[in-house]
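Listed below, chain by chain, are the residues.
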Amino acid sequence: MKHRPVLQVQGVTKRFGGLVAVNDMSFDVANHEMVGVIGPNGSGKTTMMNMISGAFKPTAGRISLKGRRLSDMPAQKIAREGVGRTFQLVRLLPGLNVLENVMAGAVFGHRRRWGREAEDFALEMLDRVGLEVVAAAPVSALTYIDQKRVELARVLAGEPEVLLLDEWLAGLNPTELETGIELIHALRDEGRTVVLVEHVMDAIRALCDRCVVMSAGRKIAEGSPDDVLSDREVIRAYLGDDDD
Amino acid sequence: MKPSGWLELLIAAALVVLAAFVPMFANGYWLSIAVTGMMYIALSTSWALFSGPTHYISLATGAFFGVGGYMVGTMMSDYQLSFWVPLIVAPLVAAALALLIGIATLRLSGVYFVIFTLGLAEMIRNLISWIQNNFLGSRGLYVLTDFRDHHLYWMLLGVAGVIYLLGWIVNRSRIGFALRIIGNDETVARHVGINTATAKVIMFTTTGFFAALVGAIIAPRWSYIEPNQVFSPQLSFLVVIMALLGGAGRLWGPLVGVIPFTIIWEWVGVQFPNQSTLFLGLAFLLIVYVLPNGVVGRIEQLRDRIGEGRS
Ligand SMILES: Nc1ncnc2c1ncn2[C@@H]1O[C@H](COP(=O)(O)OP(=O)(O)O)[C@@H](O)[C@H]1O
Ligand SMILES: [Mg+2]
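One structure accompanies this document, and this report is about it. Values in this document were obtained by computation on a predicted structure and should not be read as measured data. Residue numbers here run from 1 along each chain, matching the order of that chain's written sequence. Ligands are numbered from 1 and chains lettered from A, in the order in which they are written. Reporting of local features is limited, given that this is a predicted model, to residues whose pLDDT is at least 70; pairs of side-chain atoms are given and counted only at 80 or more, and all residues count toward the totals for whole chains, interfaces and linings. Side-chain numbers come from the whole structure's heavy atoms, not from hydrogens or water.

Bringing the sheet that holds strand S5 (residues 68–69) of chain A into the picture now. Sheets are built from strands paired through backbone hydrogen bonds, the pairs being either parallel or antiparallel. Residues and elements named next belong to chain A. DSSP-based pairing: two strands are paired if at least 2 bridges between them are found. Under the scheme used here, helices are H or I runs from DSSP no shorter than 4 residues and strands are E runs no shorter than 2 residues, and both carry numbers assigned from the N terminus. If you walk across this open sheet you meet the four strands as S2-S1-S4-S5, and the pairing is antiparallel. Lying at the two open borders of the sheet, with one neighbouring strand each, are strand S2 (19–30) and S5. What makes two residues a contact is simply this: any of their non-hydrogen atoms within 4.5 Å. Convention adopted: a line fitted to C-alpha atoms gives each axis, helices being fitted over their contacting stretch, and angles between N-to-C directions are expressed from 0 to 180 degrees. Against the sheet, helix H1 (residues 45–53) makes contact with strand S1 (5–16), S2 and strand S4 (60–65), and its axis sits at roughly 115° relative to S1, the strand it touches most.

Next comes the structure, spelled out in structure tokens:
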């Protein structure tokens, strides 16, 4: 069943000086849909996420959330409108403990809370990602996957309409990867709308309803994971990369 | 964030009441040191409201303080106004100035912010001196009031108490939480939905307001106001050093730094009147290398280590 798109990317281009990092990208994300953005390193995936979340302004094109134009808004406004993101290299607030890190999302995000309510919701989100026990710990005490969980909990705590996960599974060992995929699968089962930048092909097959494939800034394919991953152009773009 | 702040507030209130009795016991030399100390307590605590959580080191305190002192001088001397008029007007003018500086420095971070605030403060000092010398002529700026040291002390104590209370409230509010997040990672702050510009400018403006208020209150102490002196860059550095010595990460941190430093500074001024700048530099280096988080930070670190040792 086709829903009205929640997030729309239309003809978006980003230039850094002479380099065109993203070139005329267009795709839609429907409500409750999990869309994978894949492509070789340097193909412009992170730049695309940065434009949706407002870290960069597009050089051209339009990005909108439920019909509201995001591409002119500053990042904090976009976050309040309902776009939450994680960073490719996890970014926690080192001077704040685990609970406070998550509260940052609960207090200032799309749905804003304060005081006891924010704390309870942050605890709930920590529980949601499987971390309740270490709420008072400093973030420096956490393992890598736990840091990623805290970052995810911070994003969830803002109750975004759309989640952007930039290689959230990268850098995890095989056991952690399994846990990670389960966690994101659970988000999918909750009906969340997610854009997922990912290199792990198993994860893409397991999680995504649809995939957008980027190469050198352009969209070269779009469709179901099985279809795009057997597409000749996609295989060529990935040539040299191990498909599994 | 911490619900157990009432005890802290109660202790602070008790300290204010105790401090109010100081003029009964100290007089002359010690009362004058107490006035200086109370001035620095107010200035450093207010400075740390912005610079503590955000880690933006401002060296513009002297400029705002100068606005306070200078406006008392010029309004009382040139316009024969009551002391109370500049006392109200000067902080508002300084707040407007801080608002402009805050907006102008929004895109600056780290050392660029430090240098910009220092440069701007120097520019204001030179500009006012130049205007005073060339246009307002030889008329001196006299501040003649009936205030004695203990009056100034009580007024400064009142201001310090208000700043403390404000800091206590800020620490428990959204904006206080936002400033801490900004100090940790400004990019994350924006992406969780914090309007970083507004939060920073509001708090910077607040510190400008209080620095001018303190500058205005202390003005009667000098009787004669020299623009070059009230817009003191040395005061900007002293405020930073005292706050960092105590620890800018806690509301009561600066207080811990001000008390010993004021006494040492007084002693240095008497013993080595010509080497005070050298001493200032040495103190700064020592603090940065030996006590990067201040005395309070070091105590908390030791306490944590002992706690770990037990468990
Ligand atoms: N801030 C930036 N300034 C200049 N070039 C950038 C910037 N960010 C990304 N790029 C360039 O844009 C291209 C796409 O990068 P990126 O979006 O990070 O790719 P991916 O996430 O797909 O690996 C790369 O060539 C990268 O060097
Ligand atoms: Mg990337």
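The subject of this paragraph is the coordination of the magnesium ion (ligand 2). Residue and element names in this part refer to chain A. Donor atoms are limited to N, O and S found within 2.8 Å of the metal ion, a distance that becomes 3.2 Å for Na, K and Ca. With water left out, some sites might look partial. Coordination of the magnesium ion (ligand 2) by the protein comes from Thr 46 (OG1) and Gln 88 (OE1), over a distance range of 2.0 to 2.2 Å. Of this pair, Thr 46 sits in helix H1 while Gln 88 sits in the loop between strand S6 (83–85) and helix H3 (98–108); the two residues are 42 residues apart in sequence, bridging distant segments of the chain. Under the scheme applied here, a residue whose accessible area is under 20% of the maximum for its type counts as buried, over 50% as exposed, and between as partly exposed, the area being computed with a 1.4 Å probe on protein chains only. Look at Thr 46 and you get partly exposed, because its relative accessible area is 24%. With relative accessibility at 30%, the residue Gln 88 sits in the partly exposed group.

Residue and element names in this part refer to chain A. Only a single heavy atom is needed: when it lies within 4 Å of a molecule or strand, its residue is near that molecule or strand. Close contacts around ligand 1 come from Phe 16, Leu 19, Ala 21, Pro 40, Asn 41, Gly 42, Ser 43, Gly 44, Lys 45, Thr 46, Thr 47 and Phe 56, and that covers them all. Ser 43 has a polar backbone atom sitting 3.2 Å from an oxygen atom of ligand 1. The contact in question runs from an oxygen atom of ligand 1 to an N or O atom on the backbone of Gly 44, over 3.0 Å. Taking 560 Å² as the accessible area of ligand 1 by itself, protein coverage stands at 63%. Residue assignment for the shell around ligand 1 shows that the elements contributing at least two residues are S2 and H1. A total of three residues in the shell around ligand 1 trace back to one element, the largest contributor, which is H1. Side-chain atoms alone can form a polar contact between residues adjacent in sequence; in general such a contact is a pair of N or O atoms within 3.5 Å, and within protein one must be able to donate a hydrogen while the other accepts it. Only the protein chains shown count as covering a residue, and every accessible area follows the Shrake-Rupley method with a 1.4 Å probe.

Attention shifts here to the side chain of Ser 77 of chain B. All names here are of chain B. Here Ser 77 lies in helix H4 (residues 61–79). Ser 77 gets classed as buried once you look at its relative accessible area, which sits at 17%. For Ser 77, the side chain forms a polar contact with the main-chain nitrogen of Tyr 142, separated by 2.6 Å. Ignoring any residue separated from it by four or fewer positions in sequence, one finds Ser 77 in contact with Gly 140, Leu 141 and Tyr 142.

This part takes up a positive patch on the surface. Residues forming no salt bridge and having over 30% relative accessible area are the ones grouped into patches, like charges within 9 Å of each other and nonpolar side chains (Val, Leu, Ile, Met, Phe, Trp, Tyr) within 5 Å. When a carboxyl oxygen of Asp or Glu lies within 4 Å of a side-chain nitrogen of Lys or Arg, that pair is called a salt bridge. Positive charge is attributed to Lys and Arg, negative charge to Asp and Glu, and no charge count is given to His or to the chain ends. Each charge is placed at NZ for Lys, CZ for Arg, CG for Asp and CD for Glu. A cluster of basic residues, Lys 77, Arg 80 and Arg 112 of chain A together with Arg 174 of chain B, forms a positive patch on the protein surface. Of note, Lys 77 of chain A is situated in helix H2 (residues 75–81). In this structure Lys 77 of chain A comes out as partly exposed when scored by relative accessible area, which is 40%.

Before going further, it helps to spend a moment on the packing of aromatic side chains. Only Phe, Tyr and Trp rings are paired, with Trp represented by its six-membered ring, and only when their centres lie within 6.5 Å; those with planes under 30 degrees apart are stacked, over 60 edge-to-face, the remainder tilted. Taken as a whole and judged by the stated rule, the model has 22 aromatic pairs over all chains. Aromatic side chains Phe 50 of chain B and Phe 113 of chain B sit 6.3 Å apart centroid to centroid with 40° between the ring planes, which places their arrangement in the tilted category. Taken together, the residues span a long stretch of sequence, with Phe 50 of chain B in helix H3 (residues 29–54) and Phe 113 of chain B in helix H6 (residues 110–134) at a distance of 63 residues. Just as Phe 50 of chain B is buried, Phe 113 of chain B falls in that class too. Plain terms: the ring middles of Trp 267 of chain B and Phe 272 of chain B are 5.9 Å apart, the flat faces sit at 85° to each other, and that makes the pair edge-to-face. Members of the aromatic cluster, connected to one another through ring pairs, are Phe 50, Tyr 56, Phe 64, Phe 113 and Phe 204 of chain B. Two limits define a charge over a ring: the Lys NZ or Arg CZ must be within 6 Å of the ring centre, and within 35 degrees of the ring normal. Above the ring of Phe 87 of chain A, the side-chain terminus of Arg 91 of chain A is found at 5.3 Å from the ring centroid. The ring of Phe 121 of chain A is capped by Arg 113 of chain A, whose NZ or CZ atom sits 3.6 Å from the centre of that ring.

With that settled, consider H1 of chain A. Most of H1 of chain A is tucked away, with eight of its nine residues classed as buried. Those residues of H1 of chain A not exposed but buried are Lys 45, Thr 47, Met 48, Met 49, Asn 50, Met 51, Ile 52 and Ser 53 of chain A.

Here we come to the interface of chain A and chain B. Interfaces are frequently sized by the accessible area removed from exposure as the parts join. Listed as interface residues are 24 residues of chain A and, on the opposing side, 18 residues of chain B. Summed over both partners, the interface of chain A with chain B comes to about 2,000 Å²; 64% of that surface belongs to carbon and sulfur atoms. For chain A, the biggest contributors to the area lost against chain B are Gln 76, Phe 108 and Trp 114 of chain A; these three give 33% of the whole. Linking chain A to chain B there are two salt bridges. Put simply, chain A and chain B have nine residue pairs in polar contact (both at pLDDT 80 or more) between them. Counting only elements with at least two residues in the side of chain A that touches chain B, the list comes to H2 and H3 of chain A. It is H3 of chain A that contributes the most residues to the side of chain A that touches chain B, five residues altogether. Note on terms: buried area is the combined drop in 1.4 Å-probe accessible area of two parts once they are placed together, counting the loss on both.

Looking now at the pairing of strand S9 (residues 210–215) of chain A. Residue and element names in this part refer to chain A. The buried fraction of S9 is high, at six of six residues. Alternating residues of S9 divide into Arg 210, Val 212 and Met 214 and Cys 211, Val 213 and Ser 215, and every residue in both groups is buried. Direction of pairing for strand S3 (residues 34–38) relative to S9: parallel, over a ladder of four bridges. Paired with Val 35 across the two strands is Arg 210, which belongs to S9.

Okay, the side chain of Thr 262 of chain B next. Topologically, Thr 262 of chain B is positioned in helix H13 (residues 253–271). Apart from residues no more than four positions distant in its own chain, Thr 262 of chain B is found in contact with Ile 33, Thr 36, Gly 37, Tyr 40 and Met 242 of chain B.

The subject of this paragraph is the packing of H3 of chain B against H13 of chain B. Two quantities define a packed helix pair, namely the angle between the axes and the distance from one axis to the other. Residue and element names in this part refer to chain B. Viewed as axis vectors pointing N to C, H3 and H13 meet at an angle of 140°, and their least axial separation amounts to 9 Å. Considering their axes alone, H3 and H13 lie oblique with respect to each other. Note that H3 runs across H13; the crossing there is right-handed. In this structure, H3 uses Tyr 29, Ile 33, Thr 36, Gly 37, Tyr 40, Ile 41, Ser 44, Thr 45 and Ala 48 to contact H13, whose residues at the interface are Pro 254, Leu 255, Val 258, Ile 259, Thr 262, Ile 263 and Glu 266. Three classes are used: nonpolar for Ala, Val, Leu, Ile, Met, Phe, Trp, Tyr, Cys and Pro, charged for Asp, Glu, Lys and Arg, and polar for all others, with Gly counted as polar. Tallied by class, residues from the contact of H3 with H13 come to 10 nonpolar, five polar and one charged. Every angle not falling under 35 degrees, over 145, or within 65 to 115 is termed oblique; those three ranges are roughly parallel, roughly antiparallel and roughly perpendicular. For any helix crossing, the convention is left-handed if the near helix is rotated counterclockwise from the far helix by under a right angle, and right-handed if that rotation is clockwise.

Moving on to helix H12 (residues 233–246) of chain B. Residues and elements named next belong to chain B. The span expected for a helix works out to 1.5 Å for each residue beyond the first. With 14 residues, H12 should reach 20 Å at 1.5 Å per residue; the first-to-last C-alpha distance of 21 Å fits that figure. Extensive coverage of H12 is indicated by the burial of 10 of its 14 residues. What H12 keeps buried is the set Leu 235, Ser 236, Leu 238, Val 239, Val 240, Ile 241, Met 242, Ala 243, Leu 245 and Gly 246.

Fair warning: the whole summary comes from geometry, so function is off the table for now.
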